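Listed here are the chains, written in short residue letters.
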Amino acid sequence: MSGSMQRYLESKRSVDDRALNRRVLSRFADGLTARARERDGPVRLVEVGAGVGAMVHRLAAWDVLPPRLSYRAVDVDEGSIAYAGERLPEWLADEGYAVEGRGDGLLARKESGGVDRRLEISLETADAFAIEGTADAVVACAFLDVVDLEAALSTVAGLLRDGGLLYAPITFDGGTGFVPTHPLDDRIERLYHRHMDELRDEPGSSRAGSRAIARLPDAGFSLLEVGGADWIVHPHGNAYPDDEDVFVDHLLGTIDGALAAYPQSVLEPADRERWIELRRGQLDRCELVFVAHHLDLLARA
Ligand SMILES: C[S@@+](CC[C@H](N)C(=O)[O-])C[C@H]1O[C@@H](n2cnc3c(N)ncnc32)[C@H](O)[C@@H]1O
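Residues numbered from 1 in each chain as written. Predicted model: local features only at pLDDT ≥ 70, side-chain atom pairs only at ≥ 80, totals over all residues. Heavy atoms only, no water.

Engineer: Quick rundown of the overall build of the protein chain? Include the residues and the values.
Structural biologist: For the protein chain, the count of helices and strands is 9 helices and 10 strands. The C-alpha atoms of the protein chain give a radius of gyration of 20 Å, which matches the 19 Å a tight globule of 301 residues would have. By the burial criterion, 50% of the 301 residues in the protein chain qualify as buried. Contacts in the protein chain between residues at least 24 apart in sequence constitute 80% of all its contacts with a sequence separation of at least 6. Summed over its atoms, the accessible surface of the protein chain is roughly 13,300 Å², and 47% of this surface lies on carbon and sulfur atoms. Positive and negative side-chain charges in the protein chain, numbering 34 and 52 respectively, have mean positions lying 4 Å apart. (Helix = DSSP H or I, 4+ residues; strand = E, 2+ residues; numbered from the N terminus. Rg over C-alpha atoms; globule rule 2.2 N^0.38 Å. Buried < 20%, exposed > 50% of the residue type's maximum accessible area, 1.4 Å probe, protein only. Contact = heavy atoms within 4.5 Å. Areas by Shrake-Rupley, 256 points an atom, 1.4 Å probe, with all protein chains shown as cover. Lys, Arg positive; Asp, Glu negative; His and termini not counted. Charge placed at Lys NZ, Arg CZ, Asp CG, Glu CD.)

Have a look at this one:
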């Protein structure tokens, strides 16, 4: 079972793998290790907006997680959670985990380097703003820019009421670019970002990364680390790696939808159509490079 959102999130995995800021990630890993030393039971991690479970797989594969961890992956989209349930057993098995189904989730175990790893994963379809519980760490990847930032920080602070870490990588921060450049690019970028900030029905912000840094102290957090995490997609010869053309095509569709919301007096529909058609043609011919700017944030509650 897979819809266009799941295909997009699947195609985004390798782009995020490259983009994630390793300095911030390493500090997050150190924080989890320190938390594990303080606790008797498993470290409790909640991921909000977990999508298809890419971060569960990545953090397990990259040995970021302490040996005993409960991972609660929450997303409001039932299709993405179902996809995670289908794909995670195989992804984790590829990393050497023995995986078994467990109620609404999975139990993944492996022994490596003399350490017994035990990962209890629950997959939950729910509105992240309505969940209850306590966590040692909250992961919010590519999430703070698509939700109400104030509400998100307050929800996370509630989950981390015993102190703990917020790791918010891939938080969009106001840069969208294409190569080759085109005379309409600057205008289109401005209108696309303005649509995120002012026009679309859904919440979100084109400067969520910077805004989050500014809002963290009032929301009860101190910033521990921050770093750039840019999406950069370029063809390798006559193909894009790992279906990354699907990823760029999806984003072009999002930009097209945003631009279509403007009246003719702001942007001529013919200009929009020509620009999108040109970009899609360049993508088909493996001539297009795409760049988007994000911040990875790590904060302590
Ligand atoms: C841009 S996607 C990122 C998904 C995943 N974190 C990743 O990086 O691949 C944003 C995700 O947030 C989810 N989402 C949006 N609002 C939500 C909410 N209120 N509660 C839970 N999930 C939400 C969406 O369904 C979507 O899967």
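Past the structure itself, the notes keep going.
Engineer: How would you sum up the site of the ligand? Please name residues and give values.
Structural biologist: Around the ligand lies a shell of 17 residues, among which Lys-12, Gly-49, Asp-75, Ala-128 and Cys-141 are the nearest. Contact between the ligand and Asp-75: an oxygen atom at 2.6 Å from a side-chain N or O atom of the residue. At 2.8 Å from a nitrogen atom of the ligand is found a main-chain nitrogen or oxygen belonging to Ala-128. Protein contacts shield 86% of the accessible area of the ligand, which totals 590 Å² for the unbound molecule. With respect to the detected pockets, the ligand is housed in the largest pocket. Of the residues in the shell around the ligand, the class split is 10 nonpolar, 2 polar and 5 charged. (Near = heavy atom within 4 Å. Polar contact = N/O pair within 3.5 Å; in protein donor to acceptor, adjacent residues only side chain to side chain. 1 Å grid on protein atoms, 1.4 Å probe; cavity = no way out; pocket = protein on both sides within 12 Å on 5 of 7 lines; lining within 4 Å. Sits in = over half its atoms within 2 Å of the grid points. Nonpolar A, V, L, I, M, F, W, Y, C, P; charged D, E, K, R; others polar.)

Engineer: So what's going on with the packing of aromatic side chains? Which residues, and what values?
Structural biologist: Inspection of every chain in the model, using the stated rule, returns 7 aromatic pairs. Ring geometry for Phe-129 versus Phe-143: centroids 6.3 Å apart, planes at 25°, classification stacked. Remark: Phe-143 occurs in the loop between strand E6 (137-139) and helix H5 (149-159) and Phe-129 occurs in the loop between strand E5 (115-125) and E6; sequence separation between them is 14 residues. Take Phe-129: its relative accessible area is 33%, and that puts it in the partly exposed class. With a relative accessible area of 11%, Phe-143 lands in the buried category. With a centroid separation of 6.3 Å and 65° between ring planes, the pair formed by Phe-247 and Phe-290 is classed as edge-to-face. Taken together, the residues span a long stretch of sequence, with Phe-247 in helix H8 (residues 244-260) and Phe-290 in strand E10 (residues 289-300) at a distance of 43 residues. Note on accessibility: Phe-247 and Phe-290 belong to one class, buried. Pairwise contacts between aromatic rings join Tyr-8, Phe-178, Trp-231, Phe-247, Trp-275 and Phe-290 into one cluster. When the ring centre of Trp-91 is taken as origin, the NZ or CZ atom of Arg-13, which lies over that ring, is 3.7 Å away. One cation-aromatic arrangement involves Arg-58 over Trp-62; the distance from NZ or CZ to the ring centre is 6.0 Å. (Phe/Tyr/Trp six-rings, centres within 6.5 Å; stacked < 30°, edge-to-face > 60°. Lys NZ or Arg CZ within 6 Å of the ring centre and 35° of its normal.)

Engineer: Go over the nonpolar core with me, naming the residues and quoting the values.
Structural biologist: If you look at soluble globular proteins, the nonpolar side chains tend to sit buried side by side. By size, the foremost hydrophobic cluster in this structure holds 70 residues, and its most contacted members are Phe-28, Tyr-71 and Trp-231. At 7 residues, the largest contribution of residues to this core is made by H8. In contact with Trp-231, not counting residues within four places along its chain, are Tyr-8, Lys-12, Val-15, Asp-16, Ala-19, Ile-170, Phe-247, Leu-251, Phe-290, Val-291, Ala-292 and His-294. Judged by nonpolar contacts, the second largest core, of 26 residues, contains Val-46, Ile-131, Ala-140 and Leu-295. (Core = buried A, V, L, I, M, F, W, Y, C linked by side-chain atoms within 4.5 Å.)

Engineer: Residues and numbers for the packing of helix H1 (residues 4-19) against helix H4 (residues 78-94), please.
Structural biologist: Contact geometry of H1 with H4 gives a least axis separation of 10 Å together with a crossing angle of 40°. The orientation of H1 with respect to H4, classified from their angle, is oblique. Of the two elements, H1 crosses H4, and the hand of that crossing is right-handed. For the pair H1 and H4, the contacting residues are Met-5, Gln-6, Leu-9, Glu-10 and Arg-13 in the first and Gly-79, Ser-80, Tyr-83, Arg-87 and Trp-91 in the second. (Axes fitted to C-alpha atoms, helices over the stretch in contact; angles between N-to-C directions. Parallel < 35°, antiparallel > 145°, perpendicular 65-115°, else oblique. Left-handed = near helix turned anticlockwise from the far one by under 90°.)

Engineer: Run through the pairing of strand E3 (residues 98-102), naming residues and quoting values.
Structural biologist: Examined bridge by bridge, E3 and strand E4 (residues 105-112) share 5 bridges and lie antiparallel to one another. Within E4, the position partnered with Arg-102 by the bridge is Gly-105. (Pairing = 2+ DSSP bridges.)

Engineer: Please set out the side chain of Arg-279 residue by residue, giving values where relevant.
Structural biologist: Looking at the element boundaries, Arg-279 is found in helix H9 (residues 269-284). Polar side-chain contacts of Arg-279 include one of 2.7 Å to the side chain of Gln-282. Once residues lying within four places of it in the same chain are set aside, the contact partners of Arg-279 are Phe-178, Pro-180, Thr-181, His-182, Asp-185, Leu-252 and Leu-288.

Engineer: Please set out the pattern of salt bridges residue by residue, giving values where relevant.
Structural biologist: Summed over all chains, the structure comprises 26 salt bridges. Among the salt bridges present, the one from Arg-117 reaches Asp-63, with a minimum N-O distance of 4.0 Å. Taken together, the positions of Arg-117 in strand E5 and Asp-63 in the loop between helix H3 (54-61) and strand E2 (68-75) put the pair 54 residues apart, joining distant regions of the chain. Judged by its relative accessible area of 43%, Asp-63 is partly exposed. (Salt bridge = Lys/Arg side-chain N within 4 Å of Asp/Glu carboxyl O.)

Engineer: I'd like a rundown of unusual backbone geometry, residues and numbers included.
Structural biologist: Omega for the bond connecting Val-179 with Pro-180 falls within 30 degrees of zero, at 5°, which places this linkage in the cis form. Assignment of secondary structure puts Pro-180 in the loop between strand E7 (165-179) and helix H6 (185-199). Phi at Asp-243 is positive, roughly 60°, even though this residue is not glycine. Mapped onto the fold, Asp-243 is located in the loop between strand E9 (231-233) and H8.

Remember that the coordinates give geometry; whether it matters functionally is a separate question.
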